[in-house]
Amino acid sequence: MVVVPNPDVGGRKDILSHYLSKVTSNVNAKQVDKLARGTSGMSGADLANLVNIAAVHAAVNKHSGVSLQDLEHAREKILMGPERKSAVLTEESKKITAYHEGGHALVAIHTDGAVPLYKATIVPRGSALGMVTQLPDEDEVRLWPHLFITPISLV
């Protein structure tokens, strides 16, 4: 049996650049780097799918090319599921969700050793009413105690 591991951040950056070269894109190298850091654990096929979903999203929304926002939409769709536009949420429910996600964000900001905060949203996706996304600076290959303690405090 031959085991082929998923690509590291450098490999994901190269794969994303390759697939983005095949579509009209407004994405620069710094944005590709940011996206690669946020796609840890994805295979080459997952990344090809991500670019395809982003291209479809850009076309449906009549964008001139694939943007970082289209790619972020695709990443969130793959990781969390599609937006639940049909979800009927009261203003009170939205407010409670915003406070909840804001709490996660505040803990992430004020916790030493936490992965940097990237985005907080209350857009319902999959079974979640919102989410806080953190973006690591690099792939972590060693398991240090703070890598277990810090995420626990964010829950």
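Owing to the predicted nature of the structure, the values given are computational and were not obtained by experimental measurement.

Rules of the game
Residues numbered from 1 in each chain as written. Predicted model: local features only at pLDDT ≥ 70, side-chain atom pairs only at ≥ 80, totals over all residues. Heavy atoms only, no water. Patch = residues over 30% accessible without salt bridge, like charges linked within 9 Å, V, L, I, M, F, W, Y side chains within 5 Å. Areas by Shrake-Rupley, 256 points an atom, 1.4 Å probe, with all protein chains shown as cover. Salt bridge = Lys/Arg side-chain N within 4 Å of Asp/Glu carboxyl O. Helix = DSSP H or I, 4+ residues; strand = E, 2+ residues; numbered from the N terminus. Core = buried A, V, L, I, M, F, W, Y, C linked by side-chain atoms within 4.5 Å. Buried < 20%, exposed > 50% of the residue type's maximum accessible area, 1.4 Å probe, protein only. Contact = heavy atoms within 4.5 Å. Axes fitted to C-alpha atoms, helices over the stretch in contact; angles between N-to-C directions. Parallel < 35°, antiparallel > 145°, perpendicular 65-115°, else oblique. Left-handed = near helix turned anticlockwise from the far one by under 90°. Pairing = 2+ DSSP bridges.

A.B. asks: Whenever I open this one, a nonpolar patch on the surface confuses me. Can you help?
C.D. replies: Residues L106, I109 and L117 make up a contiguous nonpolar surface patch of roughly 270 Å² in combined accessible area. Among the secondary structure elements, I109 is positioned in helix α5 (residues 91-110).

A.B. asks: What should I look at first to understand the environment of P136 in this one?
C.D. replies: Within the secondary structure layout, P136 lies in the loop between β2 (131-134) and α6 (145-154). Sequence separation of P136 and S40 is 96 residues, and the distance between their C-alpha atoms is 9.1 Å.

A.B. asks: Just checking my understanding: could you explain the nonpolar core for this structure?
C.D. replies: Within soluble globular proteins, side chains that are nonpolar tend to cluster in buried spots. Membership of the largest hydrophobic core comes to 16 residues, with the highest contact counts inside it found for L16, L20, L50, V66 and L71. Those elements giving two or more residues to this core turn out to be α1 (9-20), α2 (29-37), α3 (44-60) and α4 (68-80). If you tally residues by element for this core, the top one is α3, at six residues. If we ignore the near neighbours within four places in the chain, the residues touching L50 are L16, L35, T39, M42, L71, A74, R75 and I78.

A.B. asks: Help me understand the packing of α3 against α4 in this model?
C.D. replies: A packed helix pair is summarised by two numbers, namely the angle formed by the two axes and the spacing between the axes. Packing of α3 against α4 leaves a shortest axis separation of 8 Å and a crossing angle of 125 degrees. What the angle tells us is that α3 and α4 run oblique. The handedness of the crossing between α3 and α4 is right-handed. Two secondary-structure elements touch here, α3 through D46, N49, L50, V51, I53, A54, H57 and A58 and α4 through D70, L71, H73, A74, R75, K77 and I78.

A.B. asks: When you look at the pairing of β2 in this model, what are you seeing that I'm missing?
C.D. replies: For a regular strand, side-chain orientation follows a simple rule: the groups alternate between the two sheet faces. Taking every second residue as pointing to the same face, the buried face of β2 carries M131 and T133, while none of V132 and Q134 on the other face is buried. Taken together, the four bridges between strand β1 (residues 117-121) and β2 define a ladder with antiparallel strand orientation. Residue pairing for β2: T121 is matched across the bridge by M131.

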